[in-house]
Amino acid sequence: MRRALDAIASYKPGRPPSPADGPSYKVSSNENPYPPLPSVLATIVEAAGSINRYPGMGMQELRSRIAELCEVSPKQVVPGAGSCGVLGQIVNAVVGDGDEVVYAWRSFELYPILVSLSGGRSVQVPLTEGGRHDLQAMLGAITPQTTLVLLCTPNNPTGPVITHAEVEEFLLRMPHDVLVVIDEAYVEFNRDSEAVDSLKLFRDFSNVVVLRTFSKAYGLAGLRVGYGIADEAVADALGKTRMPFAVTDLAQVAAVASLDAGDELAERVGAIVAERERVVAALEGDGWRLPQTEANFVWFPVGAATDDFVEAASQRGLAVRGFSGEGVRCTIDVPEANDLLIEVARSFVPQVADSRG
Ligand SMILES: *Cc1c(COP(=O)(O)O)cnc(C)c1O
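Residues numbered from 1 in each chain as written. Predicted model: local features only at pLDDT ≥ 70, side-chain atom pairs only at ≥ 80, totals over all residues. Heavy atoms only, no water.

So what exactly am I meant to see when it comes to the nonpolar core here?
Inside soluble globular proteins, nonpolar side chains tend to come together where they are buried. By size, the foremost hydrophobic cluster in this structure holds 87 residues, and its most contacted members are Val 149, Phe 214, Ile 229, Phe 300 and Phe 309. Take this core: its biggest share by element is 7 residues, from helix H9 (residues 249-260). What Phe 309 contacts, discounting residues up to four positions off in sequence, is Phe 300, Val 302, Val 328, Cys 330, Leu 341, Val 344, Ala 345 and Phe 348. In terms of nonpolar packing, the next biggest core, distinct from the first, is built from 25 residues, Val 115, Cys 152, Leu 179 and Ala 235 among them. (Core = buried A, V, L, I, M, F, W, Y, C linked by side-chain atoms within 4.5 Å. Buried < 20%, exposed > 50% of the residue type's maximum accessible area, 1.4 Å probe, protein only. Helix = DSSP H or I, 4+ residues; strand = E, 2+ residues; numbered from the N terminus. Contact = heavy atoms within 4.5 Å.)

I tried to follow the environment of Cys 330 on my own but got confused; where do I start?
With respect to the helices and strands, Cys 330 occurs in strand S12 (residues 327-331). With 65 residues separating them in the primary sequence, Cys 330 and Leu 265 have C-alpha atoms 22 Å apart. Contact partners of Cys 330, with chain neighbours within four places excluded, come to Val 27, Asn 296, Phe 297, Val 298, Phe 300, Phe 309, Val 320 and Leu 341.

Looking at this structure, how should I read the pattern of salt bridges?
Where charged atoms from two side chains of opposite charge come close, those side chains can pair. If you walk through the whole model with that rule in mind, you get 14 salt bridges. The closest approach of N and O atoms between Asp 204 and Lys 200, which form a salt bridge, is 3.5 Å. Here Asp 204 pairs with Lys 200, and both are found in helix H7 (residues 198-204), just 4 residues apart, close to one helical turn. Taking the relative accessible area as the measure of exposure, Asp 204 reaches 46% and is therefore partly exposed. Overall, the relative accessible area of 37% leaves Lys 200 in the partly exposed class. For Arg 346, the salt bridge goes to Asp 286, with nearest N and O atoms at 3.0 Å. Of this pair, Arg 346 sits in helix H12 (residues 335-346) while Asp 286 is found in the loop between helix H10 (262-285) and strand S9 (297-300), placing the two residues 60 residues apart along the sequence. What you see here is one network of salt bridges that share partners, running through Glu 275, Arg 278 and Asp 339. (Salt bridge = Lys/Arg side-chain N within 4 Å of Asp/Glu carboxyl O.)

Looking at this model, I keep getting lost on the packing of helix H2 (residues 60-70) against H9. Mind explaining?
Two quantities define a packed helix pair, namely the angle between the axes and the distance from one axis to the other. In the contact formed by H2 and H9, the axes pass within 9 Å of each other and the chain directions differ by 30°. Our classification of the angle between H2 and H9 gives roughly parallel. In this structure, H2 crosses over H9, and the sense of that crossing is left-handed. Residues Glu 61, Leu 62, Arg 65, Ile 66 and Leu 69 of H2 form the contact with H9, whose participating residues are Gln 252, Ala 255, Val 256, Leu 259 and Asp 260. For the contact of H2 with H9, the per-class residue count stands at 6 nonpolar, 1 polar and 3 charged. (Axes fitted to C-alpha atoms, helices over the stretch in contact; angles between N-to-C directions. Parallel < 35°, antiparallel > 145°, perpendicular 65-115°, else oblique. Left-handed = near helix turned anticlockwise from the far one by under 90°. Nonpolar A, V, L, I, M, F, W, Y, C, P; charged D, E, K, R; others polar.)

Even after reading the chapter, I still don't get H9, so can you show me in this structure?
For an α-helix, the turn length of 3.6 residues means that residues three or four places apart are oriented alike. Between its terminal C-alpha atoms H9 stretches 16 Å, which fits the 16 Å expected from 12 residues at 1.5 Å a residue. Burial analysis of H9 places 9 of its 12 residues in the buried class, which makes it a mostly covered element. Residues of H9 that are buried include every one of Leu 250, Ala 251, Gln 252, Ala 254, Ala 255, Val 256, Ala 257, Ser 258 and Leu 259, and no others. On its buried face, H9 sits against helix H1 (38-47), H2 and H10. (Expected span 1.5 Å × (residues − 1).)

Sorry, what's going on with the site of the ligand here?
Surveying the vicinity of the ligand reveals 13 residues, the closest of which are Tyr 186, Thr 213, Ser 215, Lys 216 and Arg 224. In the model, an oxygen atom of the ligand is placed 2.6 Å from a nitrogen or oxygen of the Tyr 186 side chain. In the model, an oxygen atom of the ligand is placed 2.5 Å from a nitrogen or oxygen of the Thr 213 side chain. Sort the elements by how many residues they give to the shell around the ligand and helix H3 (residues 82-94) lands first, with 3 residues. Looking at side-chain class alone, the shell around the ligand contains 5 nonpolar, 5 polar and 3 charged residues. (Near = heavy atom within 4 Å. Polar contact = N/O pair within 3.5 Å; in protein donor to acceptor, adjacent residues only side chain to side chain.)

When you look at a nonpolar patch on the surface in this model, what are you seeing that I'm missing?
On the surface, Met 1, Leu 5 and Leu 117 cluster together to form a nonpolar patch covering roughly 350 Å² of accessible area. Tracing the backbone through its elements, the reader meets Leu 117 in helix H4 (residues 110-117). (Patch = residues over 30% accessible without salt bridge, like charges linked within 9 Å, V, L, I, M, F, W, Y side chains within 5 Å. Areas by Shrake-Rupley, 256 points an atom, 1.4 Å probe, with all protein chains shown as cover.)

What exactly am I supposed to notice about the packing of aromatic side chains here?
To describe a pair of aromatic rings, one takes the distance between the centres and the angle between the planes. All told, the structure shown has 11 aromatic pairs when counted by the stated rule. Between Trp 288 and Phe 300 the ring centres are 5.0 Å apart and the planes differ by 70°, which places this aromatic pair in the edge-to-face class. A residue pair is termed long-range when its members are at least 10 positions apart, and Trp 288 in the loop between H10 and S9 and Phe 300 in strand S9 qualify at 12 residues. For the pair formed by Trp 288 and Phe 300, the shared burial category is buried. (Phe/Tyr/Trp six-rings, centres within 6.5 Å; stacked < 30°, edge-to-face > 60°.)

When you look at the sheet that holds strand S2 (residues 77-80) in this model, what are you seeing that I'm missing?
Two orientations exist for strands paired in a sheet by backbone hydrogen bonds: parallel and antiparallel. A sheet is described by the order of its strands in space; here 7 strands give the open sequence S2-S8-S7-S6-S5-S3-S4, paired in mixed fashion. Single-partner strands in this sheet number two, and they are S2 and strand S4 (121-126). Across the sheet, the mean angle separating the axes of adjacent strands is 20° when strand polarity is ignored. Where strand S7 (residues 208-213) and strand S8 (residues 226-229) come together, 4 bridges link them in antiparallel fashion. What sits directly across from Arg 212, in S8, is Tyr 227. (Pairing = 2+ DSSP bridges.)

Structural data, given as structure tokens:
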């Protein structure tokens, strides 16, 4: 085994709910609680009739539909097996032995794993108090060895977005031969108008790669399809680091059908956002002061009480995501699950002096 593997903790998928007396909910993986739309399901079933064939390699239809959505050229669209797949392609393309990758911490658990796998070195820059990226500090962390910067907005697991002004200034001041990934897995849930307009910055800066997914808002987590928007030269390079046939035909047609049903899906996203606002208001009413979430989850920075929170939630039928010693991330689900969460959280409200997230 390569030495690099010793330093890597295996990726932990969100835990399933443990049996409880009442109904149980998996709110540990930020999935969409709604089942597939009938129109999307029908398309998948139809496509299943040809799975004896390899998928279409060019992914023309999918690429041109995403290009339309993002107002870019199809050549700038890089589909992959989930946006995790695309991120793997990016890391494989630009991170070699000893190269440095700068990102905020805590952020998405996959980042350190991919960097270590490639033989690179993670440079983790602590979030500020409200669970936000500290772009000044990240700028200071860039060295001649840096080949990649990862920005996660809204940030998983804390929830805040990075503002447009912050990212623009960062891009202006950093070396332009360093690739900057803006990971927007939750962008559809954002309602903050100051949040980064990543596609606009992509047009202005050729070192920006925008990462999006069909897993969360579009509800296709089980099919594995996401995409990057990248400069054509970067997109060509990423084509070389993709596993052949990484995106199955079922995933491709489901993604296209989901774009066809964009309005219906946007309604569902709206319902989740409305639930998020309701949950946040209830939590604030109970005395919580949480980081401002623009995603489909909330973050409880409960520190030493994390494991107890996870256990208490589990006893009520909620499987949540705890990071021992730091906090708990809980996905916004159907109203009944959210009500349970509000109840569980009530017994963990920190005292006023240390309640700031
Ligand atoms: C869920 C998530 C992804 C997307 O994963 P897929 O591979 O597209 O399912 C990417 N980035 C972050 C930060 C996420 O939370």
